[in-house]
Amino acid sequence: MDPGRAAIAARAAELHRGTFGADPAAVAVSPGRINIIGEHTDYAGGLCLPAAIDRYLAVAVSQGEHIEVASERHDDVVRADPESLSRTGGWADYALGVVAELGTEGLAVPARMAIASDIPAGSGLSSSAALGVAATMAVLDLADLVAEPLDAGRLARAAENNFVGVPSGLMDQAAVVLGRRDHALLFDAAAEIGELVALPGEIAWLVIQSGIERELRGSGYADRAAEAAEALRQARQTNSELKSLCDLEPHEVEALALPEPLGRRARHIAGECMRVRMAVACLEAGNIEALGQLVLTSHRSLARDYEVSLPALDEIVEVAVDAGCPGARVMGAGFGGSVLAVAGATEAEAVAAKIEAGLNVPDVARRRGGGAVHRLAVVDGAGLVQP
Ligand code: GLA
């Protein structure tokens, strides 16, 4: 097992002992994820290309009398009754949501959970999906239930949709349950089917934190999801058979002449799905320059058409390109978080140092990790670990 995974599991188990005075009955570890390309497409039934990364979160659980949730990052222990759970608006909701979701299926589990994490929060690396998935796997094991990995991912997404109240797609959960070492996951969100795509060793993946923390609950994420749904509804007035905006060619989107901003949103979704297919071909051919161009085009589309970038993120993309990256783009939901940059593996360290030197990050963002450049390895997905 990779040492990062074992270390985080040990930390969660330790926190569990320290908080609840007992050994955990189960520990689950989930990686975070990057998304190479295919952004804001999953909830529109499109394609995306994420990969699990070597930053981990662990949840250690045991049976209690109530629900109790502790985290390394917070001093308070959140307590709740499994029979009458309600959203707190705080950090524990992704864990509570899993128990609430199981409750809707008739299973009340009074779980005590301890969370340890190396995934920076609000940075676009899916710390929330990692928490949802690790909590799901751990609590299911506590209840002596076995689920297929993607079913655990679906349950975690349902918790995010129904309990936390964020209308997210399935990309993040799929990436962290189905991810495989040195492979990206070509995920078709409509069919909910993933296919592994080998990643050439010549490419390094750099993630640059903006230090602008984004919470999906408070961002324009729900607005974008609603606009995408409305654009599809209007497109169906012309083409009643249309399943997803991803099934359209860009010129077909233009021909629909949707009112703005729906036209721009639809153009992004259709174009982005095409870019995912082309990116897979670039990876198969080992063509890093062409992949970089697609990633840059994705950024421009996310900035201009989908309007989820910020000036600070655009600037990081520019600095990364100036430092020698073939491509870079805002990653995840946007409105903050991180930039993903594609770099050549042999020059990655030098490029990362150049990016760090070239960034002009305000102190307030720097205190939240802004300006940090991480070189990430692509790893296996989530699972249970011996406590
Ligand atoms: C967040 C959501 C995902 C996806 C991305 C944008 O990470 O959780 O479902 O929509 O934003 O691509």
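Please read these numbers as outputs of a predicted model, since none were measured by experiment. Residues take numbers from 1 onward in each chain, read along the sequence in its written order. pLDDT decides what is reported in this predicted model: residues at 70 or higher carry local features, side-chain atom pairs at 80 or more are listed and counted, and totals for whole chains, interfaces and linings draw on all residues regardless. Side-chain metrics rest on all non-hydrogen atoms present in the structure, leaving aside hydrogens and water.

Draft legend 1. Structural context of the sheet that holds strand β2 (residues 47-48). Think of it this way: DSSP has to see at least two bridges between two strands before they count as a pair. Where helices and strands are cited, they refer to DSSP runs of H or I of at least four residues and of E of at least two residues respectively, numbered from the N terminus. Strands sit in the order β2-β7-β8 across an open sheet of three strands; the sheet is antiparallel. Each edge of the open sheet is held by one strand with a lone partner, namely β2 and β8 (193-198). As paired strands, β2 and strand β7 (residues 183-188) are joined by two bridges and run antiparallel to one another. When the sheet's bridge partners are listed, Cys48 is paired in β7 with Phe187. By the convention used here, residues are in contact when the closest approach between their heavy atoms is within 4.5 Å. The angle between two axes is taken between their N-to-C directions and runs from 0 to 180 degrees, where each axis is a line fitted to C-alpha atoms and a helix contributes only its stretch in contact. Sitting on the sheet, helix α5 (residues 171-178) is in contact with β2, β7 and β8, with an inclination near 140° to β7.

Draft legend 2. Structural context of the site of the ligand. Near the ligand you find 13 residues, and of these Glu39, His40, Asp42, Asp172 and Tyr221 are the closest. Here a polar contact is recorded for every N or O atom pair within 3.5 Å, except that within protein the pair must consist of a potential hydrogen donor and a potential acceptor, and residues adjacent in sequence are included only if both atoms are side-chain atoms. Within the backbone of Gly169, one N or O atom sits 3.1 Å away from an oxygen atom of the ligand. Reported accessibility uses the Shrake-Rupley method at a 1.4 Å probe radius. Residues are deemed covered only where the shown protein chains occlude them. In the complex, 97% of the free accessible area of the ligand, which totals 300 Å², lies under the protein chains. Three classes are used: nonpolar for Ala, Val, Leu, Ile, Met, Phe, Trp, Tyr, Cys and Pro, charged for Asp, Glu, Lys and Arg, and polar for all others, with Gly counted as polar. Grouping the amino acids of the shell around the ligand by side-chain chemistry returns five nonpolar, four polar and four charged. Whether a residue is near a molecule or strand is decided by its heavy atoms; if any one of them lies within 4 Å of it, the residue is near.

Draft legend 3. Geometry of helix α6 (residues 221-238). Each helix should span, by expectation, one fewer than its residue count multiplied by 1.5 Å. Counted at 1.5 Å a residue, the expected span for α6 with its 18 residues is 26 Å, and the 27 Å between its end C-alpha atoms agrees. Taken together, the buried positions of α6 are Tyr221, Arg224, Ala225, Glu227, Ala228, Ala231, Leu232, Gln234 and Ala235. Burial classification: accessible surface area is computed with a 1.4 Å probe over protein chains only, and a residue below 20% of its type maximum counts as buried, one above 50% as exposed, and the rest as partly exposed.

Draft legend 4. Representation of the sheet that holds strand β12 (residues 373-376). Strand order in the open sheet made by the four strands is β10-β11-β9-β12, with antiparallel pairing throughout. Of all strands in the sheet, those bounded by a partner on one side alone are β10 (327-331) and β12. The average angle at which neighbouring strand axes cross in this sheet is 25°, direction not considered. In terms of strand pairing, β10 meets strand β11 (residues 338-344) through five bridges, oriented antiparallel. Looking across to β11, one finds that Ala328 is bridged to Ala341. Against the sheet, helix α11 (residues 348-358) engages β9 (203-209), β11 and β12, with an angle of about 20° to β9.

Draft legend 5. Region of interest: the environment of Arg87. Looking at the element boundaries, Arg87 is found in the loop between β5 (74-80) and α2 (93-104). A C-alpha to C-alpha distance of 9.6 Å links Arg87 and Ala100, two positions 13 residues apart in sequence. Reaching out from Arg87, the side chain makes a polar contact with the backbone oxygen of Phe163 at a distance of 2.9 Å.

The quantities given are spatial measurements derived from coordinates; they are silent on function.
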